[in-house]
Amino acid sequence: MNFGGLLNIARSGLATSQAQIAVTSQNITNAQTPGYSRQRLRIEASTPQVLPQGIFGTGVQSDGAERMRNELMDWTFRRDAQGASLAGERRDALQAVENILGEPSNTGLASSFEQLWSSWSDLSTNPNSSAARGVVRQRASQVAAQLNQFGNQITDAETVMRARLTEKVDRVNALASQVADINERIVAAESSGNESPDMRDQRDAKIDELASLIGASAYPQADGSVNVNIGGDSLVDGANFKSVRLQGQLSDPTRLGIALGELPPSGDPTETMYNLGGAVSGMLDGYNTVFPNALTALDGVARALVTNTNALHRTGFIGTTAAGDFFDATRTTARTIRLDAAIETDVSRIASSGAPGQNGDNTVALALSQLRSTPVTVDGLPVTATNPSASISERYRTVAARVAANVSAANGTADAMRTLTSQSDARRESIKGVSLDEEMVNLMKFQQSYAAAARLIAVVDELSQTLINMGR
């Protein structure tokens, strides 16, 4: 082999070592960059040269940088991340209801109910007492105010959840647009056959977020692009994407769902998607199920309180005049329950007697105090031999206990999913993460390779000078 061939081998070594140092520098610089995958330079021996003396190598050549990434581990992480986000949002919705109820507590609604029944009992002991009637009114107002507060806070939580859903949907659309744009740029950049690691990292980071938000799945294509699906339908297809929107479900417009694509020109809503994952799915569950169920239960308690109290109170008398309603009969939900206007104005309108003209009679007050343990119909479920007995207080305690049990179960699920996600991420990082110790070792190794190639050039120069001097 002539000196030119030796110089070409040395030159290829210099260029390759320089490229390896550049790739290693990129790894070191981005060691803390979120979503970054460590890179390695693909190298191979150059095509050998056939000479009369034999076959000799011609140096080394590189084929661009490649990411250290495992698509199966990406898929596993995204699957676990969407489950963790869903479980976390559902837990947060349940905890919001638990925090609103605030049970068990000495100042909670359960305690207020007990104080109300006790005030009726006190009135039955002293049926002519104006002060006892005032306490009954105050305790009943407290119960109504707490039910109002709970109902309004749950409604406010629904409003906040809808606003958050709108923000998440906007974020999904922004990410889908960005993935489609990066797809287009990657296809153009990789048309020469070389991979574009940094752009692929950017795209994967956005797909990770889409998975966490809405349960997206990615499917690599031969041209370097990826297709992204949600709920079994295509969200991103190459350089194209569909927007998603929040709308009422066709079967029940009060329940929200996610629709794919633009609203038709007719303005008629299209069918919404149900088979989703991620935070959006958990938030939809909170909006469509957790909050409405809690409000329905509280409405049932309020309705039972109004109906049964009024039914007993109307059997009473104020002197010789039949008593009216105790609660406003037109306001039977947790958000609207209030005392009857006559009771609010005049405590003397509170009945204790069950017979006309019998001011010392306590029949009605005693019956109302016994609502503490009297089985009643709540939420349209009559008390029968096949249904457990439940007083108004017991029904409310059941509601609070059910919420607490659901929160406990949701906490367990959320913790388990978060652990799975952490483990999946750790396994993925073991492949794509940057180890500064390893990179520093590589940097020294490639530096030595560069110095050796430079030394080869010096040796070739010395040989050529010797050969020239021999010819003189």
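Just so you know, these numbers come straight off a predicted model, no measurement behind them.

1. Structural notes on the sheet that holds strand E7 (residues 233-237)
Thought 1: The strand order E5-E6-E7-E8 describes an open sheet built from four strands, whose pairing is antiparallel. Two strands close off the open sheet at either side, each with one partner strand: strand E5 (217-220) and strand E8 (240-241).
Thought 2: Strand direction decides the pairing type here: E5 and strand E6 (residues 226-230), joined by four bridges, are antiparallel. Its bridge partner being in E6, Ala 218 is matched across the sheet by Val 228.
Thought 3: Sheet strands touched by helix H4 (residues 130-189): E6, E7 and E8. Its angle to E7, the strand with the most contacts, is close to 50°.
Thought 4: Contacts between helix H5 (residues 197-214) and the sheet are confined to E5, E6 and E7, with E6 contributing the most and set at about 10° to the helix.

2. A closer look at the pattern of salt bridges
Thought 1: For the structure on display, the rule yields 30 salt bridges.
Thought 2: Measuring nitrogen to oxygen at the nearest pair gives 3.8 Å for the salt bridge that ties Arg 69 to Asp 204. Residue Arg 69 is found in the loop between strand E4 (60-67) and helix H2 (71-101), and its partner Asp 204 is found in helix H5; the two are separated by 135 residues along the sequence.
Thought 3: Of the charged contacts in the structure, one is a salt bridge between Arg 428 and Asp 208, with a shortest N-O distance of 3.1 Å.

3. A closer look at the environment of Ser 353
Thought 1: Checked against the element boundaries, Ser 353 lands in the loop between helix H7 (341-345) and helix H8 (363-369).
Thought 2: Look at Ser 353 and you get buried, because its relative accessible area is 5%.
Thought 3: With sequence-adjacent residues up to four places away left out, Ser 353 is seen in contact with Gly 316, Phe 317, Gln 358, Asp 361 and Val 364.
Thought 4: A polar atom in the side chain of Ser 353 sits 2.7 Å from the backbone oxygen of Ala 355.
Thought 5: Side-chain polar atoms of Ser 353 contact the backbone oxygen of Gln 358, separated by 2.7 Å.

4. Some details on the packing of aromatic side chains
Thought 1: Under the defined criterion, the tally for this structure stands at four aromatic pairs.
Thought 2: Residues Phe 113 and Trp 117 carry aromatic rings whose centres are separated by 5.9 Å and whose planes lie at 10° to one another, so their mutual orientation is stacked. With a gap of four residues between them, Phe 113 and Trp 117 both fall in helix H3 (residues 109-125), about one helical turn apart.
Thought 3: The class of Trp 117 is buried, set by a relative accessible area of 0%.
Thought 4: Summarising the aromatic geometry, the rings of Phe 326 and Phe 327 are spaced 5.1 Å apart at their centres and angled 80° between planes, so their arrangement reads as edge-to-face. Considered together, Phe 326 and Phe 327 belong to a single accessibility category, that of buried residues.
Thought 5: Chaining the aromatic ring pairs together yields one cluster made of Phe 113, Trp 117 and Tyr 396.
Thought 6: For Arg 428, the ring lying beneath its charged end belongs to Phe 77, and the centroid distance is 4.0 Å.

5. Quick look at the side chain of Arg 67
Thought 1: Mapped onto the elements of the fold, Arg 67 is located in strand E4.
Thought 2: Overall, the relative accessible area of 14% leaves Arg 67 in the buried class.
Thought 3: Reaching out from Arg 67, the side chain makes a polar contact with the side chain of Asp 201 at a distance of 2.9 Å.
Thought 4: A distance of 2.7 Å separates a polar atom in the side chain of Arg 67 from a polar atom in the side chain of Asp 204.
Thought 5: The residues contacting Arg 67, other than those within four sequence positions of it, are Ser 37, Arg 38, Glu 195, Pro 197, Arg 200, Asp 201 and Asp 204.

Reading the values: rules and limits
The residue numbering used here restarts from 1 in each chain and proceeds along that chain's sequence as written. Given that the model is predicted, a residue must reach a pLDDT of at least 70 before its local features are reported, and side-chain atom pairs must reach 80 or more before they are shown or counted; all residues, however, enter totals for whole chains, interfaces and linings. Side-chain figures throughout are based on the complete set of non-hydrogen atoms in the structure, without hydrogens or water. Two strands qualify as a pair provided DSSP detects at least 2 bridges between them. Labels follow the DSSP assignment, with helices taken as runs of H or I lasting at least four residues and strands as runs of E lasting at least two, numbered in each case from the N terminus. Contacts between residues were defined by any pair of non-hydrogen atoms, one from each residue, lying within 4.5 Å. To get an axis, fit a line to the C-alpha atoms, keeping to the stretch in contact for a helix; angles then go from 0 to 180 degrees between the N-to-C directions. By definition here, a salt bridge exists when the distance from a side-chain nitrogen of Lys or Arg to a carboxyl oxygen of Asp or Glu is within 4 Å. Think of it in three bands: with a 1.4 Å probe and only protein chains considered, a residue is buried below 20% of the maximum accessible area for its type, exposed above 50%, and partly exposed in between. Here a polar contact is recorded for every N or O atom pair within 3.5 Å, except that within protein the pair must consist of a potential hydrogen donor and a potential acceptor, and residues adjacent in sequence are included only if both atoms are side-chain atoms. Working definition: rings of Phe, Tyr and Trp (its six-membered ring) pair if their centres are within 6.5 Å, and the pair is stacked with planes under 30 degrees apart, edge-to-face with planes over 60 apart, and tilted otherwise. Should the NZ of a Lys or the CZ of an Arg lie within 6 Å of a ring centre and within 35 degrees of the ring normal, that charge is described as sitting over the ring.

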